Amino acid sequence: MRKAPVPTPPCRLASRADVYCAAAGAVLVATAFLVPRMLSDQARGRLFAGAAPIFGNWLPHIGWGTAPAVGIAASVIVYGPELAHRLPWRRALLLTWVTAVAWAFALAMVDGWQRGFAGRLTTRDEYLHEVGGVHDIAAMLRGFSGRILDFQPDSWTTHVSGHPPGALLTFVLMDRIGLGGGAWAALLCVLVGGSAAVAVPVAIRALGAPTANGETPGRPGRIGGGSGRTMAVAVSSSAPREYASAAEGRARAALPFLALAPAAIWIAVAADALFAGVTAWAVALLAIATRQQRNQVVAASGAGLLFGFGIFLSYGLVLMAVPAAAVLMARTLRPAVPALAGVLLVVAAFKATGFWWLDGYHLVVQRYYQGIASDRPYSYWVWANLAATVCAVGLAPVAAVHRVARGLRFEALWGRRDRLATTESSTPASPMPDPLVLVPATATTAGTESAPAPSSAGSAVPAPISATTRPTAVRAARSEQSAAHAEVFAFSRVAAAGMDRLRRWRTDVDPVALVAAAGVAALLLADLSGLSKAETERIWLPFDVWVLAGAALLPARHVRVWLTVQAVGGLVLVHSILTNW
């Protein structure tokens, strides 16, 4: 007698899906590296990337940062998951930031102090090349757009012309206060870029976590620093403590992956790391604003100011509206107004100084195609960009893609329609009352009694009972009024059902999946625009930090395995390729 097949446990199926997704990402990366080897020399030269899809050149090497990098990676793998869950919240965040900065600096030192750190931002294409020529900041801002296009005697360098004046202004101000030079600029980028590893879990914790029983979660309160105890203030008496700890647990699970991200290769050192840190804190403040009542306007306004400054650091950061919209839709739209006011305040300030963002954007598009972008084939880079992103975020977030998709819980928006319809149909609808119609004062009906002396404007009386004796005008008025009532009633039912589904989705959606999916959506939009052909391993750092959060959904028993995959990937890349950033 044949035995019935034993069903595979769901956890094992999910783990297999993790491996399959990671394998697909590895195949994408391998294909992106192999295809250029198969092209002719002329076609390969048009890629303008010696180690395509990474912008750099093949150069196996080691440096004095090799040993510290290996040591940091091993420490995070062995001790990181336990410390992330055991330390008090604020200490865990501080340790994550310090580790992320140390990891990035160690990877930079594989290339050496000058080549890997202090000299990165001083080349002829970088921002610091223009700092010495800015003698009047106001004049620089007024004439910024006029120097964007290439082939002019005073054209800006590649990076300055390709971005709004915010980044150049930042480095000029640093020079004015005595922090000039490549080392200080690199340190700023690494410190601010590394802080994104803190901003992301702060946002996740503020957004909360889904509840297992489907109840609407309460609003988490402060999480104690020294004792590590979790306290919450919520409407429900049964869910608050569980909800707050789940939210914090989600955020803590992301800490080791954010600290040990392969993206640290480009955080040290590229100005895009500065951009990533600024916009990460913008999203974090917006998430905090969705949960606070007392300081909601302050937090939302701060988020708006950072978002506004972000779009003056890079034109592409308008796509950070995707994570911002996801945060608002998942919780509440109330912080949107003060946040938008903060953005407009920054825009107005730059406009007052003489720089209009839209003028700069249109000129940058022209400048983009004046350079090598016009020769780089879109047919390769439209998918190779994604391979470069996998190199930056590692295979762990790729392995969690299917978990991110499930965590979005879109079935709560449209998948429960049948159940709602069944529930509604099982409840008999209450009969609508017979509407009142306006009967003209002079109107009489054959076979019925005349109405008592009405006013000159008419009076409201019940509609006649006999349909054969109704005047045509009265029947038409009743029909129109009934149709209007039915339309209003139907619209109110649809609106109520829609709001109920939105509330269900807000309860069910996983904040980790939400921010990770928002990061993926933003970089996909950037990819399809055709304005990011190559170099996306650094250009998309502001989006990558949110994609990295998806690794927090991986099962705890496999965390050290995936951290090892992350560390090995970053170490192999930095020791095999001499990147341009």
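Residues numbered from 1 in each chain as written. Predicted model: local features only at pLDDT ≥ 70, side-chain atom pairs only at ≥ 80, totals over all residues. Heavy atoms only, no water.

Draft legend 1. Structural context of the packing of helix H1 (residues 10–38) against helix H19 (residues 378–393). As a packed pair, H1 and H19 sit with axes 9 Å apart at the nearest point and diverge in direction by 125°. Of the possible angle classes, the one that applies to H1 and H19 is oblique. Viewed along their axes, H1 and H19 form a crossing whose handedness is left-handed. Together, Gly25, Leu28, Val29, Thr31, Ala32, Phe33, Val35 and Pro36 of H1 and Tyr380, Trp383, Ala384, Leu386, Ala387, Val390 and Cys391 of H19 make up the contact between the two elements. (Axes fitted to C-alpha atoms, helices over the stretch in contact; angles between N-to-C directions. Helix = DSSP H or I, 4+ residues; strand = E, 2+ residues; numbered from the N terminus. Parallel < 35°, antiparallel > 145°, perpendicular 65-115°, else oblique. Left-handed = near helix turned anticlockwise from the far one by under 90°. Contact = heavy atoms within 4.5 Å.)

Draft legend 2. Spatial organisation of the pattern of salt bridges. The tally for this structure, following the rule as stated, stands at 13 salt bridges. Measuring nitrogen to oxygen at the nearest pair gives 2.8 Å for the salt bridge that ties Arg120 to Asp111. Each member of the pair Arg120 and Asp111 is classed as buried. The partner of Arg376 in a salt bridge is Glu535, with the nearest N and O atoms 3.2 Å apart. With Arg376 in the loop between helix H18 (357–370) and H19 and Glu535 in the loop between helix H25 (511–528) and helix H26 (536–539), this residue pair connects regions lying 159 residues apart in the sequence. Here Arg376 and Glu535 have matching classes, each one buried. Through salt bridges with shared partners, a single network forms among Asp272, Arg376, Glu535 and Arg538. (Salt bridge = Lys/Arg side-chain N within 4 Å of Asp/Glu carboxyl O. Buried < 20%, exposed > 50% of the residue type's maximum accessible area, 1.4 Å probe, protein only.)

Draft legend 3. Quick peek at the packing of helix H3 (residues 66–86) against helix H28 (residues 559–576). Close contact between H3 and H28 brings their axes to 9 Å; oriented N to C, the two are set at 165°. With respect to H28, the element H3 is oriented roughly antiparallel. Every pair of crossing elements has a handedness; the one defined by H3 and H28 is right-handed. Mapping the contact onto sequence places Thr66, Ala69, Val70, Ala73, Val76, Ile77, Val78, Pro81 and Glu82 in H3 and Val559, Arg560, Leu563, Thr564, Ala567, Leu571 and His575 in H28. Considered class by class, the residues forming the contact of H3 with H28 number 11 nonpolar, 3 polar and 2 charged. (Nonpolar A, V, L, I, M, F, W, Y, C, P; charged D, E, K, R; others polar.)

Draft legend 4. Broad picture of the side chain of Gln296. Along the polypeptide, Gln296 turns up in helix H15 (residues 296–311). A relative accessible area of 10% means that Gln296 is categorised as buried. Ignoring any residue separated from it by four or fewer positions in sequence, one finds Gln296 in contact with Ala289, Arg334 and Pro335.

Draft legend 5. Spotlight on the packing of aromatic side chains. What the rule picks out here adds up to 15 aromatic pairs. Taken together, the aromatic side chains of Phe144, Trp156, Phe312, Phe350 and Phe355 make up a single cluster linked through ring pairs. Geometry around Trp156 places Arg147 over its ring, the cationic atom sitting 3.6 Å from the centre. (Phe/Tyr/Trp six-rings, centres within 6.5 Å; stacked < 30°, edge-to-face > 60°. Lys NZ or Arg CZ within 6 Å of the ring centre and 35° of its normal.)

Draft legend 6. Structural detail: H1. When the terminal C-alpha atoms of H1 are compared, their 42 Å separation across 29 residues agrees well with the 42 Å that a helix rising 1.5 Å per residue should span. Listing the buried residues of H1 in full gives Ala14, Ser15, Asp18, Ala22, Gly25, Val29, Ala32, Phe33 and Pro36. (Expected span 1.5 Å × (residues − 1).)

Draft legend 7. Helix H17 (residues 336–353), seen in detail. Here H17 contains 18 residues, and its C-alpha end-to-end distance of 26 Å stays within 8% of the 26 Å for a straight helix at 1.5 Å per residue. Those residues of H17 that fall on the buried side of the exposure criterion are Pro338, Ala339, Gly342, Val343, Val346, Val347 and Phe350. Looking at the buried side of H17, the elements it contacts are helix H7 (137–142), helix H9 (166–176), helix H14 (271–291) and H15. Immediately beyond the C-terminal end of H17, within one or two residues, lies Gly354, with a positive phi of roughly 115°.

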